[in-house]
Amino acid sequence: MADQMVDFVLISATDAGTNTGLKLPDLGSSVITTRAVLDDHAQDDVVLVDAPFVEGAVAAAVAATTGADLAAVTTAAQEARHATRF
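Because the structure is a prediction, the values reported are computed rather than measured.

Caption draft 1: Geometry of the pattern of salt bridges. In total, this model carries one salt bridge according to the counting rule given. The partner of Arg81 in a salt bridge is Asp50, with the nearest N and O atoms 3.1 Å apart. Pair noted here: Arg81 is in the segment after α4 (70–79) and Asp50 is in the loop between β3 (46–48) and α3 (53–65), with a separation of 31 residues, a long-range link. The exposure class assigned to Arg81 is partly exposed, which follows from its relative accessible area of 43%.

Caption draft 2: Region of the structure containing a nonpolar patch on the surface. There is a patch of nonpolar side chains on the surface, built from Val54, Val58 and Val62 and spanning about 270 Å² of accessible area. Following the sequence through the fold, Val54 ends up in helix α3. Judged by relative accessible area, which is 54%, Val54 ranks as exposed.

Caption draft 3: Broad picture of α4. Inspection of α4 places Leu70, Val73, Thr74, Ala76 and Ala77 among the buried residues, and these make up the whole buried set. Looking straight down α4, one finds its buried side chains confined to an arc of 160°; they lie on one side. For α4, the exposed residues lying more than 90 degrees away from the buried face are Ala71 and Glu79.

Caption draft 4: α3, seen in detail. Look at α3: 18 Å from first C-alpha to last across 13 residues, which is about the 18 Å you get at 1.5 Å a residue. Among the residues of α3, those classed as buried are Gly56, Ala57, Ala60, Ala63 and Ala64. Along the axis of α3, the buried residues cluster in a sector spanning 135°; they form a single face. In α3, the exposed positions angled more than 90 degrees off the buried face are occupied by Val54, Val62 and Thr65. One or two residues past the end of α3 sits Gly67, with phi positive at roughly 90°.

Caption draft 5: Up close: the nonpolar core. With 13 residues, the main nonpolar core has Leu22, Leu24, Val49, Val73 and Ala77 as its most contacted residues. Among the secondary structure elements, those contributing two or more residues to this core are β2 (18–25), α3 and α4. Among residues more than four places away in sequence, those in contact with Val49 are Leu22, Lys23, Leu24, Pro25, Thr74, Ala77 and Gln78.

Caption draft 6: Focus on the environment of Leu70. Within the element layout of this structure, Leu70 appears in helix α4. The sequence separation of Leu70 and Gly21 amounts to 49 residues, and the corresponding C-alpha distance is 7.4 Å.

Calculation notes
- Residues numbered from 1 in each chain as written.
- Predicted model: local features only at pLDDT ≥ 70, side-chain atom pairs only at ≥ 80, totals over all residues.
- Heavy atoms only, no water.
- Salt bridge = Lys/Arg side-chain N within 4 Å of Asp/Glu carboxyl O.
- Helix = DSSP H or I, 4+ residues; strand = E, 2+ residues; numbered from the N terminus.
- Buried < 20%, exposed > 50% of the residue type's maximum accessible area, 1.4 Å probe, protein only.
- Patch = residues over 30% accessible without salt bridge, like charges linked within 9 Å, V, L, I, M, F, W, Y side chains within 5 Å.
- Areas by Shrake-Rupley, 256 points an atom, 1.4 Å probe, with all protein chains shown as cover.
- Arc of directions from axis to C-beta.
- Expected span 1.5 Å × (residues − 1).
- Core = buried A, V, L, I, M, F, W, Y, C linked by side-chain atoms within 4.5 Å.
- Contact = heavy atoms within 4.5 Å.

This is the structure:
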């Protein structure tokens, strides 16, 4: 199972003093794996986000390091989709 989990990035954020997570899958198979894991081990403090893998991970990590809550970290990852390249 650990080998299957390397397909996504887990970013820790702080939300009301608890550790929360944002999962950014990179390929379709990792989406299926993540959904299966979350179905079997549901967690209210973990969000599966449709965002660009690299840009979303960087934006989410930056937001998380500022102490942003899970909703703000999720938004940062999603907004990375609209970043201009040059």
